[in-house]
Amino acid sequence: MYDAWKIIGGIIIFLVLITGPTWYDMASGKADYKPNPKIVTTEKNCVMPTEYMKESHMKLLDEWRNSVVRDGKRIFTSFDGKQYNMSLVNTCMKCHPNKSEFCDECHNYSAVGQPDCWNCHIEPEETK
Amino acid sequence: MGIDRRKFLTIAGLTAAAAIGKKTLGDSLTADTRELLPKDESLVGKRWAMIFDIKKCLHKDGCTVCMDACHQIHNVPDFGNKKDEVKWIWKEPFEHALPDNESPYLEEEFKDKPVIVMCNHCDNPPCVRVCPTQATWKREDGIVMMDMHRCIGCRYCVAGCPYGSRSFNWRDPRPFIKNENPEYPTRERGVVEKCDFCAERLAFGLQPRCVEVCPEKALKFGDLEDPESEVRQILHDNFAIRRKPGLGTNPQVYYLV
Amino acid sequence: MLEKAITGSKKYWAWVGFLMLVIFVGFLFYLRQLSHGLTVTGLSRDVSWGFYIAQFTFLVGVAASAVMVVLPYYLHNFKAFAKIVILGEFFAVGSVIMCMLFVFVDMGQPFRAMNIILHPTPNSLMFWDLFVLSGYLGLNVLISLIVLASERKGIAPPKWIKPFIIVSIPWAVSIHTVTAFLYSGLAARAFWMTAVLAPRFLASAFSSGPALLILLAIIIRRITRFDAGREAIQKLGQIVAYAMCFNVFLILMELFTTLYSDIPEHLHHFEFLFFGLDGNTTLVPWMWTSVVLAIVSIVLLVNPKTRRNENILAFACVTVFVSIWIDKGLGMVVTGFIPSPLGDVPHYWPTWTEFMISMGVYGIGALLITLFYKMTLSVRGQIKSESNTEEFEEVAAEAKPAG
């Protein structure tokens, strides 16, 4: 190999740089951080089982949106028989008004789907 | 040799297109549907319509109660200039609102006097016909509805409306909303909005807000397909006109003269 | 073949560099529009379509005009157009891309553009416009590249391309007809709702497009070894003459119907254009300029003595192009909204942001056409700074039997 040391050296520097952020997080303890969304409601159940909500709450919200806006149907019967008005702000946020400690906990950590729902749907005021 | 550059790029491009196509198609085919029941208290109708009694409205000079109430509960912004203006319900001089019915010898009571105008929720709406994404459509109960999530802001519907009922958000409306109603969303810039006959209130058994607050009871709302309804009675007993009926849009806001 | 577009003389790179600067500045202004919203334009609640959509309308016509060279050559074997056909087709590609960009920059929620495809709506003309424009773009890209690649290899184009070329002829007519339908089906806008709008669009397209093609051919003759040929340019001049006559004839038809029937709702729009309405005289000088230029162009184009003089022909083409640009690119769209459905006379004029974004889009079109033409002319060995034996040597080397 021509210029072997330069090439191998370059590859090593590249690997160090690219894995650097991971090492940093592991060393500073940030990698151990797990998002912990705070539940403030005393209600026992959400509109769907918790496991489903963790995975697919956006899917549910999309269905609610289409049902309310496009079909004019606003009543949702949850898995435990209760009836809810399909509304992000008036139903979901009634039990989870603490957006910064609940929604943002996971969404900020994972930087997933910075939802632009809040461009239109008004975030409930949080008392700090 | 082997594969040449052009072939490679062609195959790579087609593969990428296939992969993207499969993913988007795959998502739309696995959507789940659940049983969704209508609530008992919602107002149900087959052909919603509004009646506006011009003479009753003219009792109060300079009254803006219906407009203020509607704009307040729906978070309609006030930009303070005509260029960016967004309005769902407002006043127009008689000659502007009902140009087919004006004459130099117009009844003195109506000359230059304001008349309330809003979306007519036409039975044959041209705005619905032109919308390329069905972001606006006619519901089964006659209401011409807006889906702000789907609107791409092309403003074809604005061009298609013969009544000037539609407004576009030329800029972010949030800073210009005076008394925010937290129970109703705002819109964002880049989408069209208009009166929707308070569909969200009808769902809970409430009358449209403008109808509810008018101090002179000049606005009446009801189902024209219901022979017992108040609006049917009024139209049966009184002469009513509509805006630009010759265009065939079949508007459902009636004006008692 | 594509690499020919990125090699060139200093002058070539100076021009490309200038265009990229224009595009970059336009892009910066577009970022401003993305962040503030369309309020940065001159558009308003009453005048909701303006400069962007007007440019789109004008350029659809220019794009469709490629059919004026394709039809005589491929359908009627008019050999004089042989050299110029591909320039017309590449020109169409650049124009259609500009059309789509103008619609994109006009949208309030451009990142939701996929909704037109995800929720197809056949009753909306905008859906069909996207469909026919995309189809036309695809057709012309395919045809141009295949034909050019065949030229490069020194062979005739493959037989299977013929059906695509034939289809592109009615397809060209369809793109401008569909665009006219966008306007002419709206009962709300009396100025647009006329059956003669589609024929007017086509007539003005077939005059302004070939006029620009003539001008490009003359410019290219100055800066490269490419000569479209006197016969081709003269034939195009005749086409522009006839099309412009028909265009003006149709305008006169519209004027008659409006003036004789005397219906205020129709009259007011023309009044606004030519005399001003309620003190709003924004477009009056422009419209009269367009009228004068149209008359001058017809006088110069119809008279064979003036048409045969290439300098006068070039001048006439400029007047045709400018006259029609004023008519479609300034007058047509905005006047649909003035006066408004409620009888108001709103004011509209594009803002600097609107103008700079539009220049950026025009820059993209000009850049694409520059790259395509450079590629084509390099393949033909007609670029002054490049040897014209290069290609023949390559082809000859490949054809030589090995050993």
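It should be emphasised that the depicted structure is a prediction, and the values quoted were computed from it without experimental measurement.

Student: Quick question: what am I supposed to make of the overall build of chain A here?
Tutor: Each helix and strand in chain A was counted, giving 4 helices and 2 strands. Along chain A, helices and strands appear, N-terminal first, in the series α-α-β-β-α-α. The C-alpha atoms of chain A give 22 Å as radius of gyration, which overshoots the globular expectation for 128 residues (14 Å, by more than 25%). Taking the principal axes of the C-alpha coordinates as reference, chain A spans close to 70 × 35 × 30 Å. The contacts of chain A with a sequence gap of at least 6 include a subset with a gap of at least 24, amounting to 57%. About 9,100 Å² of surface is accessible on chain A, with carbon and sulfur atoms providing 60% of the total.

Student: I tried to follow the packing of aromatic side chains on my own but got confused; where do I start?
Tutor: Between two aromatic rings, the relevant description is the distance of the centres plus the angle of the planes. Taken as a whole, this structure holds 36 aromatic pairs over all chains when the rule is applied. Ring centres of Tyr12 of chain C and Trp13 of chain C lie 5.5 Å apart, and the angle between their planes is 70 degrees; this geometry places the pair in the edge-to-face category. When its relative accessible area of 10% is taken as the criterion, Tyr12 of chain C is described as buried. Here the aromatic cluster, defined as three or more aromatic residues joined through ring pairs, consists of Tyr156 of chain B together with Trp49, Tyr183, Trp192, Phe201 and Phe337 of chain C.

Student: It is not clear to me how the side chain of Arg166 of chain B should be interpreted in this structure. Could you clarify?
Tutor: Locating Arg166 of chain B in the fold gives a position in the loop between helix H6 (156–160) and strand E7 (167–168). Notably, Arg166 of chain B is buried but unbridged: the nearest opposite-charge side chain belongs to Glu193 of chain B, and the N-O separation is 10 Å. Among all residues touching Arg166 of chain B, those that are not within four sequence positions of it are Cys127, Thr136, Val144, Met146, Cys157, Val158, Cys161, Val192, Glu193 and Lys194 of chain B together with Arg45 of chain C.

Student: Teacher, can you tell me more about the interface of chain B and chain C here?
Tutor: By a widespread convention, an interface's size corresponds to the accessible area lost as its parts come together. Listed as interface residues are 46 residues of chain B and, on the opposing side, 45 residues of chain C. For the pair chain B and chain C, the summed buried area comes to about 3,700 Å², and 49% of that belongs to carbon and sulfur atoms. It is Ile152, Tyr156 and Trp170 of chain B that lose the most area in chain B upon contact with chain C, and together they represent 20% of the buried surface on that side. Viewed at the interface, chain C and chain B are joined by 3 salt bridges.

Student: Where do I start with the sheet that holds strand E2 (residues 48–53) of chain B in this structure?
Tutor: Strand pairing in a sheet takes place through backbone hydrogen bonds and is either antiparallel or parallel in direction. All names here are of chain B. As summarised here, the arrangement of the 4 strands in space is E9-E2-E11-E10, forming an open sheet in which the pairing is mixed. Either end of the sheet is taken by a strand with one partner, and the two such strands are strand E9 (219–223) and strand E10 (240–241). The pairing of E10 with strand E11 (residues 253–256) spans 2 bridges and is classified as antiparallel. Bridge pairing in E11 places Ile241 opposite Tyr255. Sitting on the sheet, helix H9 (residues 230–237) is in contact with E2, E9, E10 and E11, with an inclination near 110 degrees to E9.

Student: Would you mind going over helix H11 (residues 284–302) of chain C with me for this structure?
Tutor: The α-helix winds at 3.6 residues per turn, so residues separated by three or four positions along the chain end up facing the same way. For H11 of chain C, which comprises 19 residues, the first-to-last C-alpha distance of 27 Å matches the rise-based estimate of 27 Å (1.5 Å per residue) to within 8%. The set of residues buried in H11 of chain C consists of Val284, Met287, Ser290, Leu293, Ala294, Ser297, Ile298, Leu300 and Leu301 of chain C.

Student: How should I be thinking about the nonpolar core in this particular structure?
Tutor: Within soluble globular proteins, side chains that are nonpolar tend to cluster in buried spots. Judged by nonpolar contacts, the single largest core of 138 residues is most densely connected at Trp49, Tyr183, Trp192, Val333 and Tyr373 of chain C. Ranked by residue count, the leading element in this core is helix H8 (residues 197–223) of chain C, at 13 residues. When neighbours within four sequence positions are excluded, Tyr373 of chain C is seen to be in contact with Leu87, Gly88, Phe90, Phe91, Leu213, Leu216 and Ile220 of chain C. Counting residues in each nonpolar core, the second largest holds 44 residues, with Val69 of chain A together with Met118, Cys214 and Ala218 of chain B among its members.

Student: How should I be thinking about the arrangement of the chains in this particular structure?
Tutor: Looking across the 2 pairs of chains in contact, one finds the most contacts between chains B and C. Separated without contact, chain A and chain C have their nearest C-alpha atoms at a distance of 13 Å.

Student: What am I meant to see in the interface of chain A and chain B here?
Tutor: Facing the 25 residues of chain A at the interface are 31 residues of chain B. For the pair chain A and chain B, the summed buried surface comes to about 2,300 Å²; carbon and sulfur atoms form 53% of the total. Of all residues in chain A, the largest losses of buried area upon contact with chain B belong to Arg70, Ile75 and Ile122 of chain A, amounting jointly to 29% of the total for that side. For the salt bridge of Arg70 of chain A with Asp147 of chain B, the shortest nitrogen-to-oxygen distance reads 2.9 Å. Sort the elements by how many residues they give to the side of chain A that touches chain B and helix H2 (residues 50–70) of chain A lands first, with 8 residues. Per-class residue counts for the side of chain A that touches chain B are 11 nonpolar, 8 polar and 6 charged.

Student: Would you take a moment to explain a nonpolar patch on the surface for this structure?
Tutor: Residues and elements named next belong to chain A. A contiguous nonpolar surface patch, about 1,100 Å² in accessible area, is contributed by Met1, Trp5, Ile7, Ile8, Ile11, Ile12, Phe14, Leu15, Val16 and Ile18. With respect to the element layout, Phe14 can be found in helix H1 (residues 4–28). Overall, Phe14 belongs to the partly exposed group, its relative accessible area being 48%.

Student: Please explain the state of the cysteines as it appears in this structure.
Tutor: By definition, a disulfide links the sulfur atoms of two cysteine residues through a covalent bond. Counted according to the given criterion, the structure contains 0 disulfides over all chains. Free of any disulfide, Cys57 of chain B has its nearest cysteine sulfur in Cys214 of chain B, 6.6 Å distant. With relative accessibility at 18%, the residue Cys57 of chain B sits in the buried group. Left unpaired, Cys99 of chain C is separated from the closest cysteine sulfur, that of Cys154 of chain B, by 16 Å. For Cys99 of chain C, a relative accessible area of 0% gives the class buried.

Criteria and thresholds
- Per chain, residues are indexed from 1 in the order of the written sequence.
- Chains and ligands are labelled sequentially in the order written, the chains with letters from A and the ligands with numbers from 1.
- In keeping with the predicted nature of the model, local features appear solely for residues at pLDDT of at least 70, side-chain atom pairs appear and are counted solely at 80 or more, and the whole-chain, interface and lining totals rest on all residues.
- With hydrogens and water set aside, each side-chain value is computed from the structure's full complement of heavy atoms.
- Here a strand is any run of E in DSSP of at least two residues, a helix any run of H or I of at least four, and the numbering for each starts at the N terminus.
- For the radius of gyration, the atoms used are the C-alpha atoms, and the globule rule reads 2.2 Å times the number of residues raised to 0.38.
- Note on definitions: a residue-residue contact is assigned when non-hydrogen atoms from the two residues lie within 4.5 Å.
- Using a 1.4 Å probe, accessible areas were evaluated by the Shrake-Rupley method; residue-level cover was limited to the displayed protein chains.
- Two aromatic rings, drawn from Phe, Tyr or Trp (for Trp, its six-membered ring), form a pair once their centres lie within 6.5 Å of each other, and the interplanar angle then sorts them: stacked below 30 degrees, edge-to-face above 60, tilted otherwise.
- When a residue's accessible area, from a 1.4 Å probe over protein chains only, is under 20% of the maximum for its type it is buried; when over 50% it is exposed; and in between it is partly exposed.
- Under this rule, positive means Lys or Arg and negative means Asp or Glu; His and the chain ends count for nothing.
- Any carboxyl oxygen of Asp or Glu that lies within 4 Å of a side-chain nitrogen of Lys or Arg is treated as forming a salt bridge with it.
- When two parts are brought into contact, each loses some accessible area as probed by a 1.4 Å sphere; the total of that loss over both is the buried area.
- Two strands pair if DSSP finds at least two bridges between them.
- Every axis in this analysis is a line fitted to C-alpha atoms, fitted for helices over the stretch in contact. Angles between the N-to-C directions lie between 0 and 180 degrees.
- By this rule the span expected of a helix is its residue count minus one, scaled by 1.5 Å.
- By nonpolar core is meant a set of buried Ala, Val, Leu, Ile, Met, Phe, Trp, Tyr and Cys residues that side-chain atoms within 4.5 Å join together.
- Any residue outside Ala, Val, Leu, Ile, Met, Phe, Trp, Tyr, Cys, Pro, Asp, Glu, Lys and Arg is labelled polar, Gly included; the first ten of those are nonpolar and the last four are charged.
- Residues forming no salt bridge and having over 30% relative accessible area are the ones grouped into patches, like charges within 9 Å of each other and nonpolar side chains (Val, Leu, Ile, Met, Phe, Trp, Tyr) within 5 Å.
- The disulfide criterion is simple: two cysteine sulfur atoms within 2.5 Å.

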